[in-house]
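The chain contents come next:
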Amino acid sequence: MDTNRIIVVGGGLAGLMTVIKAAEAGAQVDLFSVVPVKRSHSVCAQGGINGAVNTKGEGDSPWEHFDDTVYGGDFLGNQTPIKGMCEAAPGIIYLFDRMGVPFNRTPEGLLDFRRFGGTKHHRTAFAGATTGQQLLYALDEQVRRFEAQGKVKKYEGWEFLQAILDDEGVCRGVICQNLKTMEIKAFPAAATVLATGGNGMIFGKSTNSLINTGTAQSAVYQQGASYANGEFIQVHPTSIPGGDKLRLMSESIRGEGGRVWVPSDGSEGRPPKGQPWYFLEDWYPAYGNLVPRDIATRAIFKVCVELKMGINGENQVYLDVSHLDPKMLERKLGGVLEIYEMFVGDDPKKVPMRIFPGMHYTMGGLWVDFDQMTNIPGLFAVGEAEYQYHGANRLGANSLLSTVYGGMVCGPKAVQWARNQAKIELKSSVVDRAQKQQEAKYQALINMKGTENPFVIHKELGEWMTDNMTVVRYNDRLEKTYNHLFELSERWQRVNIDDTAGWSNQVVPFTRQLFNMIELAKAMTRGALLRNESRGAHYKPDFPERDDANFLKTTRADWSEDGPRISYEEVDTSHIKPRARKYDTDKAATAGVAQGK
Amino acid sequence: MSGRTITLRIKRQDGPQAEARWEEYRIPYQPNMNIISALMELRRNPVNARGEKSPPVSWEASCLEQVCGSCSMVINGKPRQACSALVDRLSPDGSPITLEPMSTFPIVRDLVIDRSRMFDALKKVHAWVDLDGSHNLGPGPRQSPEVQEVAYDLSRCMTCGVCLEACPNVNDRSPFIGPAPISQARLFNLHPSGAMHRNERLEALMDVGGVSDCGNSQNCVEACPKGIPLTESIAAMKRDTTLHALVGFLQKP
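Because the structure is a prediction, the values reported are computed rather than measured.

Here the focus is the interface of chain A and chain B. At the junction of the two partners, chain A supplies 56 residues and chain B supplies 57 residues. Secondary-structure elements contributing two or more residues to the side of chain A that touches chain B are α1 (13-24), α3 (79-99), α4 (131-148), α9 (326-344) and α12 (454-468) of chain A. Of the residues forming the side of chain A that touches chain B, the biggest block, 8 residues, is contributed by α4 of chain A. Looking at the side of chain A that touches chain B residue by residue, the class counts come to 23 nonpolar, 16 polar and 17 charged.

Given below as structure tokens:
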């Protein structure tokens, strides 16, 4: 095999960082993406990137960042890779600074930092409220430089269909489809990296981009890759509900002083009737509006659904910045406040915003080892597509960090793996077999002449998953949802493709993605059903406590035709002993913080 | 399904060489609907206004919050992002809304276009900082908040192509690279390390299709969905290229 060639699928932050590291190590990289990489979903990240640079005299440290992250994730994250990430974080921020990211500055010209949820420190570097866009562009520019030097070849507008597995089950490249010409082609390579993002589209409407279907993860899951912690879905507390998507209103709004409230009902312990009731500040005095996302989301649900105190009785609460300096808001939050104004019509500098929680992030993902390799040898995964940095709940501004750090680990490891494949002779029959398989699937898809519309099935999938697999979970409803997913699989067989064109056909790829979404949804739902405890974002009122004895474990789902097989694996807790997680008191008051210092 | 509908008139084209045609669709109205949510609804029931089955319209979109740049199209005669084009504002009286592809770019199918020329232009103007490597070399150069604010505005360009579509000087009879890449050259020339390769960018802008092809129509700055001061960038680059042409040899190290 050509041991100097590796494939990266996905051109968001994780994929691009992998490309850069691999190219720097001397490898030749083929980069595949369904969209021009500059349009990847990383562009949507708003608030910032965490790193304990400690420029505010607060005594912050990578250890403190590590502890906040593990604690915020309710101890489900493997600690060794998380520790590595937090230690690398300041260097990562400096790297972006060198690349020219226009981070906000202090009067002295240093990087400015702001607060985010789940920490007491100013640890988040930011470029206005469009940090993801700026970071993505920085890496896009560096990759374009490598492209101009001939070290990277981009295949934009190509979709990943499956991994090429040899007779020993080792990944030897990919089969992709050109979404314009519809050509299906095999690309052999000694190592393959999936950096294909989260799977928000499974929930129909979310804060994710339309391209976040999870289709690549699901495809390799169906080929034998384990999918880990699929039940852990982050629902962001603050988004604008919409007909086509839920638009994120960044946590940085609260980081800069935004407050969440509803008009009080005047009952005991609350302000007089009609006055603002700042329920997060009331319930969580130590962290106030900056509790982690799972906590804030459940509180908003409680206020709206249980107490029926949403604005005008609807599922809405106020997110208020109207008391803050408009100039500061413009400088630090302009990009996100402008989204609100554009889509709702009100100026948040004058009128409190109306928001509600929305599906946001996939904590789970492909199972990987500490070198980012899946259980399929030669197949790696990075970024939101894998599971390992956030445990049961991700802290705000840790996602950008984990994508980049994952890429930094993965690039060199993938290159190293590839170089050890020198003796392997790749049989052409292996490649042909995979390609023929996908060509046959494509022919079957384009000839589907049933009665179902795939976009209608997708809408229904999204409604079921949003209703039953997000904030509050009950076993009977999960069971029903799980069974309904099998019904959807059946209905999928009766799709009518409506578009038989062999050129730039958008219905065929969507229908294929839909199949994969349903398969992945089964793994996620099954994982939730079997986890009888409450931990981080996974909350069951019938099992309200965390149960370390039975469930301090990573869920692993393995595909089978009759549904996922679930098993459990020990979590690496080698650095910090698990302790109770609560945000009404300071973290220092919970035991064990000093440990390991 | 009873009640109000909206009407979309869509310019369709099956492929790059195919004839274009107009087709009309009626879609149930929903409050706060935008052009993308209307196109999504159409996919769920791909039937034209005459009640005939019609192959689903091809279109591009991704983030739906005007930050990825995918969904540019010409809506009621104006190039813009479809996700932020709200139906209530486009057609308060229920009159038909027209959708066309941005024809400055090669048409792939229906509303899908090929904007690769914009990414090629970024290579041409050397739109990056020349990094020694991605290993840890400590912090970057200090910058004043004032410079950061100017750079930040420029760095929000999402390569959506609306400024090229709006520009009368960008067309298939002219090699003009258009406003977006010129503004990117300015962005990297503003950065302390980026400025070390300032001359390369200026020389690219002095080449065929460079900054002197701008005809000052100022359409770009009007059309830009991100409010990027494109005309300021073009003026700055005109000034810098002129200076470079006059006295550039003096600045060589």
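Here the narrative resumes, following the displayed structure.
Sheet strands pair via backbone hydrogen bonds, and the direction of the pair is either parallel or antiparallel. All names here are of chain A. Here we have 6 strands laid out as an open sheet, ordered β13-β12-β17-β16-β14-β15, and antiparallel in their pairing. The open sheet has two free edges, formed respectively by β13 (247-248) and β15 (276-277), since each of these has just one partner strand. Pairing analysis gives 5 bridges linking strand β12 (residues 233-240) to strand β17 (residues 353-362), with the strands arranged antiparallel. For Ile233, the partnering residue across the bridge sits in β17 and is Thr362. The strands that helix α8 (residues 293-306) touches are β12, β14 (259-263), β16 (317-320) and β17; relative to β12, the one it contacts most, it runs at about 60°.

All names here are of chain A. Among the nonpolar cores identified, the biggest contains 256 residues, and Ile6, Val9, Val19, Val193, Val220, Leu366 and Ala414 are the most heavily contacted of them. Residue contributions to this core peak at 13 residues, all from helix α14 (residues 507-530). Val220 has contacts with Ala163, Leu194, Ala225, Leu366, Ile376 and Leu379, leaving out every residue within four places of it along the chain.

Residue and element names in this part refer to chain A. For α3, with 21 residues, the first-to-last C-alpha span of 30 Å sits near the 30 Å given by 1.5 Å per residue. A maximum bend of about 45° is found in α3 at Ala89, where proline Pro90 lies one to four positions downstream. Counting buried residues along α3, 15 of its 21 residues qualify, which places the element largely inside the surrounding structure. Looking at the residues trailing α3, positive phi occurs at Gly100, about 105°.

Residue and element names in this part refer to chain B. Pairing is mixed in the open sheet, where 5 strands are placed in the order β2-β1-β5-β3-β4. Lying at the two open borders of the sheet, with one neighbouring strand each, are β2 (20-28) and β4 (78-81). Across the sheet, the axes of successive neighbouring strands diverge by a mean angle of 30°, strand direction being ignored. As defined by bridge partners, strand β1 (residues 5-13) adjoins β2 across 9 bridges and the pair is classed as antiparallel. What sits directly across from Ile10, in β2, is Glu23. Relative to β2, helix α1 (residues 35-44) is tilted by about 90°, and along the sheet it contacts β1, β2, β3 (72-75) and β5 (97-100).

Next up on the list: α12 of chain A. Residues lying three or four places apart along an α-helix face the same way, a consequence of the helix completing one turn every 3.6 residues. Between its terminal C-alpha atoms α12 of chain A stretches 21 Å, which fits the 21 Å expected from 15 residues at 1.5 Å a residue. Of all the residues in α12 of chain A, the buried ones are Pro454, Phe455, Ile457, His458, Leu461, Gly462, Trp464, Met465, Thr466 and Asn468 of chain A. Elements that come into contact with the buried residues of α12 of chain A comprise β17, α13 (475-492) and α14 of chain A together with α1 of chain B.

Let us now look at unusual backbone geometry. Phi is positive for Asn54 of chain A, close to 55°, though the residue is something other than glycine. Tracing the chain through its elements places Asn54 of chain A in the loop between β3 (49-50) and α2 (62-72). What makes Asn54 of chain A partly exposed here is the crowd of 18 C-beta atoms within 10 Å. If you check the backbone angles, Leu64 of chain B has positive phi at about 65° while not being a glycine. Assignment of secondary structure puts Leu64 of chain B in the loop between α1 and β3. The exposure class assigned to Leu64 of chain B is buried, which follows from the 29 C-beta atoms found within 10 Å.

Procedures and definitions
- Residues numbered from 1 in each chain as written.
- Chains lettered and ligands numbered in written order.
- Predicted model: local features only at pLDDT ≥ 70, side-chain atom pairs only at ≥ 80, totals over all residues.
- Contact = placed C-beta atoms within 7 Å.
- Helix = DSSP H or I, 4+ residues; strand = E, 2+ residues; numbered from the N terminus.
- Nonpolar A, V, L, I, M, F, W, Y, C, P; charged D, E, K, R; others polar.
- Pairing = 2+ DSSP bridges.
- Axes fitted to C-alpha atoms, helices over the stretch in contact; angles between N-to-C directions.
- Core = buried A, V, L, I, M, F, W, Y, C linked by C-beta atoms within 7 Å.
- Buried ≥ 20, exposed ≤ 12 C-beta atoms within 10 Å, placed from the backbone.
- Expected span 1.5 Å × (residues − 1).
- Bend = angle between axes of the 7 residues up to and from the residue.

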